[in-house]
Amino acid sequence: MPIFANRNRFTAARVNRGKKPENLNKNQSKAAGDVGETSSEWNSNAFSRFYFSDVRQRKDRESNGEAEDLGPQQMEIDKYKHRHAIKFAEKSLEWAEEIFTERKVLEPALDAQLAPSRCIFKFDVTQGVRAYYRVVSEHEDKYILMACHTNLHGFHRGDLRFVEVNARTVTDLFLYSIVGKLFLGDIVAVTKLSKKSKDPLDPPKALKMNPDSKMIWEVAEMRVLGRKLVHRTVFAFMKCGSAIVKGKNEAATVKLDDNSSIDLESIYTGSAFIPTKLASRFCDDYKKGVKSKLLAFSSRFSSCPNALATIYKYEKAPVLTEKFNIGKDAFKQSTDSEEITELCTQMGQSAVLTLSDGRADSRMFPMLNPVKEEEGVKFSISNPLKYPTEGLWNCSNRIRFEGICGKIDATIETVIPEENVLKIYARVSKQSLRKLNFREGTFVVYQREAREATMLEDGYLRKLHSCQKGRQIIEALYGGVSLKRDLSMLGPAPHCIFPSDPPTSLNEFQNQYVSAMTSSCFPMLLGSSPFGCGKSMTIVMAAIEKCKSHESSQQFLITQSNYASVNLIDIARKVKESKMKIMRYVTESNWKELPEHCRTEYDLPVLMSTIFKKLAHGDIGNRESTSITEKTIILAYLISKNEFMADLLSSPFKTFYINYQRDIEEYPIHNRKREAFEILLKFHKPNVIVITADTLQSMMNCSVYFNDVVMIQIDEACQLPECTLISLLRLFPDANYGLIGDIKQLPPFCEDELKGKLKEYGIGNTMERAIEEKMFPEAILRYVYRCHPKITELLSELFYDGNLISGVEENQRNEFMRRRPDFWPNPHYPIIVVHNRDKAYKIGTSCGNRTEKMLAKQIVEDLLKEKDGYQLKPSDIGVISFYAGQTSVLSDSFRGTGVKCGTVDAFQGSEREVIILCCTNERISEFMQLSNRLNVAMSRARQATIIIGNSIGLSEAKYWKDIIKKAEENGGVVDTSKYPFRVEPEALLKFSNRKSEAGPENAGKIDEKRDSGRGGVRDRNQNNAVCQNEPKVQADRRRNARNQAQNEPKNDENAPHRRNRGPRRPQKEQKSDGLKKLTDELEAMKLKLDGVAGKPPNDNGNKPRGAWGRLGGARRNNVNKIDTENKATEAGTVAEKVAEKPKPRRNRRFVKKNDGEIKKKTFD
């Protein structure tokens, strides 16, 4: 037996953190015989301490009566015990001693039949030696498999964590090569391994291994476990070739037929493989009371996300396609109208949920150069050419980190493509950030699986009665009878006064909406509400009036962003006396990821803690108010939140806690969320529930608790996907609905992958279509209270046929311009255009602009200065761009300053005192000239808008030319040659030697549809735009330095080798506010030399070997150099720094370590 087997690589000191090591042989039967009393593999495996080797005790554990409810795969795997894993690990040591010989390559199968699969529930001697693996990575000539049980390899046998299957692997009952016959997510029983090389076996640490690591073993013999196959699966293709499956909220991969093309407008049926999600990551024959320790050990290893379903055989469905094409005219047909409507709405819902909440990529990637920052994590992942991640990893994707610290959930804020990697910044909750430590082990990242969703089931429309309002609205949307009525039938609307301090009178248009909404005469009311017209106050006023007559009933106020929901709650706070009891429905997991400014005291997690403490302390309720189960849940919840205070418990709760303390502390509160929510509703009884559209799916799972919903108002309804409205109509068919929004602004968010009928039925544009086709009554709001009167007048003429009325005076919106004459040229006109001559450069499919970034930082720095007692706050300023790439660069630059950055699309519904609008590209693209997008961009500012762009190009573009003309007439067009917008030419000299990314042939040639800000950086919750730290080394400087110094080593030998050591130690002087941060960063950008460090990633696991691997190696051998060029300040040019004379050139060699890191060695 090899020497290494006698060494315990996972030492007792580390496992027990200094405690006395446990006796691993304690309580183990001498008669076990399976693994041997003195088995070195048993002793070396750190998981063994948690297991018995006594078969009789395991038999007692297996008789739990649950096997009948499990699938065949799980039933077979449940029979696998720790002693079997140890036996397999010991057997692998014998295989390692076998003489290395090249094994025969099997012939490929000639047909498309599936490889045989079967489950075995009784094992003989030969079948008993086995280990279960799952397919986690697919390549052209092989698969990578990961062990299903972490106790198989423990911490010391990293060689057994991942293995390879290739054309030499012999498969049970199959005579041919298995390559091309396995699916991602397949589970196999490996019965024999073979070493891939002649090298002696020296297993690496298991925590260091990942799917991209060098494989030590290949599978010699295996059996594919029985598969779950579903036939007659209805689906449609997306542009990328993946499938939207009816009734599912995640995409499916499709094994495409090489002989036929796909039709994006047709419906298909096919057969699909559904991966099995295993119940546990370790064998279940553990000792009593050690499960929590086992979970802690197992969680240190990254898990593989469950694979997507695979459709392996399919054909067109002409009948379904014909019905699908009828679509919105369903109720104009005499037959099958219900079936047609259900098909269209179900496919539309699946499409939207798949792209908005599901995974676009089920792969797992090592995190490259991860760094913790103030409110998130910055890292990179590989972006190989053949299997790219660009376009699949986008902003707002829900992701998960896994490593030695366990699982950490995060949300992507910015994505910047750079060479062969994606640079990502992800927002992480403060609680999770404290747990993160990148100093040890390998961390991986993957996209989280879709959340549980309430899908539209077959026959849902038939269950709705014809007199129910939900049914009537659906029929009107799909070609039925119009529900249009004249609002004058209600008579003059009563005058409403909002009960704030001081009271606020609503105008006649707001009064009309409130009167119609609360009358219950109209199943659906459309509220046309231009920007800044006071719709939030109007919505809250309608809720107040409805509560007067329906206090015990429930209402929903649905918003499209967390910012908008907080805005509604802020307005509700102003109400002095009302029967409203507000609750903001947000799940605890989502609440943890929200920034502080998007949290309120009305949030569900906060309310639950507050109400539970009052119950436990006796402030509400009495001895008989709560049952034993409710007391248990309340106390267990408070303990889990560290809010339990025994001294303050009321007498009934204190007695209960003393008698059942152990049971309460071990109570699985994480599995009793619905019961806890039910207790909250019992004692709090909210009647106005505020919720975002993204959280609606979670709320729908609890819809049984909302059994008397009388009114639902949807803010920014123009952005609501039609499938979400259909789901609400099905769940709450007796409520009155109010859609309030602006059809002159942006329609619902839509990924570029969604085309044709799927987009029409899923996303739709319900409000615009309903207004144009006069389906429902309409109330129009006309008074604008947000913007400067001059901006309101301009936008009214451009987009609203002159129908808008300014509700404010000029002196209410020009304080900034009056108080800052040093900055603003004309205090009577609120628009400035800064002429930017710099050309755009490409960032992936998007673009950026260097001068524009510098200008934005200079302008913000100047705006934050105090002048004559007047000063703007960072939260008064917004920086928005039309381009996703530039928004990522700006967000990275302003992070941590309090200045909000985002795309134009993401800013819809938001407002700031001063807006900096970045046009970025000197070529004015078509999507920049869309009236609805430009309307949003120009209506975000309360006082002033600063446009940075090429005034020559803008003056020739649709709509823009009118804006530029007005600005010129009022002296508002300036250039970068004069203060405060001056940019010294020397400051841009460092970009002069760059590759001609921004040349005339490339400038502006961007994928416009993908870069409208809607397919990339847009954050549906609009929380991602608050920036958090200073920018790091710019990608363009890195490329420039590498071009100049490919054959020169760094000449600074004293510089420490940069390693992944987590966050840097804090500096002596901390920046105290946003102004200081911007000032320091601007000076650093102008004066500091930028060093280039870091190594390109090793992405071999996601691309083929051979020539491409050699090309990747050439890329990895590039050497960076420090950029030493002229720097400039506002006052002038700084003298050029003289670089040190380079030392004599040295040869370089790269040595690859076991842990996958590449380290440099130099020698003369």
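Residues numbered from 1 in each chain as written. Predicted model: local features only at pLDDT ≥ 70, side-chain atom pairs only at ≥ 80, totals over all residues. Heavy atoms only, no water.

Q: It is not clear to me how the overall build of the protein chain should be interpreted in this structure. Could you clarify?
A: Scanning the protein chain from terminus to terminus reveals 35 helices and 41 strands. Here the protein chain, with 1164 residues, has 57% of them falling under the buried criterion. Long-range contacts, defined as pairs at least 24 residues apart, comprise 79% of the intrachain contacts of the protein chain with a sequence gap of at least 6. Looking at the protein chain as shown, the accessible area adds up to about 50300 Å², and 48% of this sits on carbon and sulfur atoms. (Helix = DSSP H or I, 4+ residues; strand = E, 2+ residues; numbered from the N terminus. Buried < 20%, exposed > 50% of the residue type's maximum accessible area, 1.4 Å probe, protein only. Contact = heavy atoms within 4.5 Å. Areas by Shrake-Rupley, 256 points an atom, 1.4 Å probe, with all protein chains shown as cover.)

Q: Honestly, the confidence of the model for the protein chain in this entry has me stumped. Any pointers?
A: Predicted coordinates in areas of low pLDDT are best not read in detail. Chain-level statistics for the protein chain give a pLDDT mean of 81 and a share of 79% at 70 or above. Least confident of the elements in the protein chain is strand β41 (residues 1158-1163), whose mean pLDDT is 33; most confident is strand β3 (residues 162-166), at 97. For the stretch residues 1-36, pLDDT sits under 50, and the model shows 59 contacts to residues farther than four places along the chain or on other chains. Confidence drops under a pLDDT of 50 for residues 991-1010, and excluding neighbours within four residues, the segment shows 53 contacts in the predicted structure. (pLDDT = per-residue confidence, 0-100.)

Q: What should I look at first to understand the pairing of strand β14 (residues 376-382) in this one?
A: Within a regular strand, side chains alternate between the sheet's two faces. Burial analysis of β14 places seven of its seven residues in the buried class, the great majority of the element. The two faces of β14 match: Gly376, Lys378, Ser380 and Ser382 on one face and Val377, Phe379 and Ile381 on the other face are all buried. For strand β13 (residues 368-372) and β14, the ladder comprises three bridges, and the chain directions are antiparallel. Bridge assignment links Val371 to a residue of β14, and that residue is Lys378. Linking β13 to β14, which pair antiparallel, is a turn of three residues. (Pairing = 2+ DSSP bridges.)

Q: I keep staring at helix α23 (residues 722-731) and nothing clicks. Help me out?
A: Given 3.6 residues to a turn, an α-helix orients residues that are three or four positions apart in the same direction. Most of α23 sits inside the fold, with nine of its 10 residues counted as buried. Along α23, the residues that are buried comprise Glu722, Cys723, Thr724, Leu725, Ile726, Ser727, Leu728, Leu729 and Arg730.

Q: So what exactly am I meant to see when it comes to the pairing of strand β21 (residues 524-528) here?
A: Most of β21 is tucked away: five of the five residues are buried. Residues Met524, Leu526 and Ser528 point to one face of β21 and Leu525 and Gly527 to the other, with burial holding for every one of them. Inspection of the sheet shows β21 paired to strand β26 (residues 736-741) by five bridges, in the parallel sense. For Met524, the partnering residue across the bridge sits in β26 and is Tyr737.

Q: Teacher, can you tell me more about the sheet that holds strand β15 (residues 398-403) here?
A: Remark on secondary structure: sheet strands pair via backbone hydrogen bonds, oriented parallel or antiparallel. Within the open sheet, the seven strands sit side by side as β12-β18-β15-β16-β17-β14-β13. Their pairing is antiparallel. Strands at the two margins of the open sheet, each flanked by one partner only, are β12 (364-366) and β13. Ignoring which end each strand starts from, the neighbouring axes of this sheet average 35° apart. Packing of helix α29 (residues 884-894) onto the sheet brings it into contact with β14 and β16 (406-418), and relative to β16 it is tilted by some 120°. (Axes fitted to C-alpha atoms, helices over the stretch in contact; angles between N-to-C directions.)

Q: Is there a simple way to explain the sheet that holds β26 in this structure?
A: Taken in spatial order, the seven strands of this open sheet run β23-β24-β22-β25-β26-β21-β27, and their pairing is parallel. Because the sheet does not close on itself, it has two edges, and the strands there are β23 (582-584) and β27 (778-780). For this sheet the average axis-to-axis angle between neighbouring strands, irrespective of direction, equals 20°. With five bridges connecting them, strand β22 (residues 554-559) and strand β24 (residues 688-692) associate as parallel partners. Of the residues in β24, the one forming a bridge with Thr559 is Thr692.

Q: Teacher, can you tell me more about the pattern of salt bridges here?
A: Tallied over the entire structure, the rule returns 55 salt bridges. For Asp263, the salt bridge is made with Lys316, and the minimal N-O distance between the two is 3.7 Å. One end of the pair, Asp263, is in the loop between β9 (252-254) and β10 (268-274); the other, Lys316, is in strand β11 (residues 309-316), with 53 residues separating them in the sequence. Look at Lys316 and you get partly exposed, because its relative accessible area is 46%. Among the ionic contacts, a cluster of salt bridges with common partners joins Glu373, Lys378, Glu413, Arg427, Asp892 and Arg895. (Salt bridge = Lys/Arg side-chain N within 4 Å of Asp/Glu carboxyl O.)

Q: Would you explain the nonpolar core in this entry?
A: In globular proteins that are soluble, nonpolar side chains generally tend to be buried together. Among the nonpolar cores identified, the biggest contains 90 residues, and Phe677, Phe732, Tyr737 and Phe776 are the most heavily contacted of them. Setting aside its immediate chain neighbours within four residues, Phe732 contacts Phe556, Met699, Ser703, Phe706, Val709, Ile712 and Tyr737. (Core = buried A, V, L, I, M, F, W, Y, C linked by side-chain atoms within 4.5 Å.)

Q: Is there a simple way to think about the environment of Lys484 in this case?
A: For Lys484, the position within the fold is in the loop between α12 (469-477) and β19 (497-498). Sequence separation between Lys484 and Met775 is 291 residues; the distance between their C-alpha atoms is 5.2 Å. Each residue touching Lys484, except ones within four places of it in the same chain, is listed here: Lys774, Met775, Phe776, Pro777 and Glu778.

Q: I tried to follow the packing of aromatic side chains on my own but got confused; where do I start?
A: Two aromatic rings are characterised by how far apart their centres lie and by the angle between their planes. What the rule picks out here adds up to 39 aromatic pairs. Taking 5.6 Å as the distance between ring centres and 80° as the angle between the ring planes, the aromatic pair formed by Phe155 and Phe297 counts as edge-to-face. Here Phe297 lies in helix α8 (residues 291-298) and Phe155 lies in the loop between α7 (150-153) and β3, a separation of 142 residues in the sequence. Each member of the pair Phe155 and Phe297 is classed as buried. The ring of Tyr425 carries the charged tip of Arg895 above its face, separated from the ring centre by 3.4 Å. (Phe/Tyr/Trp six-rings, centres within 6.5 Å; stacked < 30°, edge-to-face > 60°. Lys NZ or Arg CZ within 6 Å of the ring centre and 35° of its normal.)

Q: Would you take a moment to explain the environment of Lys576 for this structure?
A: Tracing the sequence through the fold places Lys576 in the loop between α15 (562-573) and β23. Through-space distance from the C-alpha of Lys576 to that of Pro503 is 9.7 Å; in sequence the pair is 73 residues apart. The contact partners of Lys576, leaving out residues within four places of it in the chain, are Pro499, Ser500 and Asp501.

Q: What is the right way to look at helix α10 (residues 337-356) in this model?
A: Look at α10: 28 Å from first C-alpha to last across 20 residues, which is about the 28 Å you get at 1.5 Å a residue. Of all 20 residues in α10, 17 are buried, a share of seventy percent or more. (Expected span 1.5 Å × (residues − 1).)

Q: Would you mind going over the packing of helix α28 (residues 850-863) against α29 with me for this structure?
A: For any two helices packed against each other, the geometry comes down to the angle between their axes and how far apart the axes lie. Between α28 and α29, the least distance of the axes is 11 Å, while the angle of their chain directions is 40°. Classed by the angle they form, the pair α28 and α29 counts as oblique. Seen along the crossing, α28 lies across α29 with a hand that is right-handed. Listed contacts from α29 to Glu852, Lys853, Ala856, Lys857 and Val860 of α28 are Gln886, Val889, Leu890, Ser893 and Phe894. Its residues assigned to classes, the contact of α28 with α29 comprises five nonpolar, two polar and three charged. (Parallel < 35°, antiparallel > 145°, perpendicular 65-115°, else oblique. Left-handed = near helix turned anticlockwise from the far one by under 90°. Nonpolar A, V, L, I, M, F, W, Y, C, P; charged D, E, K, R; others polar.)

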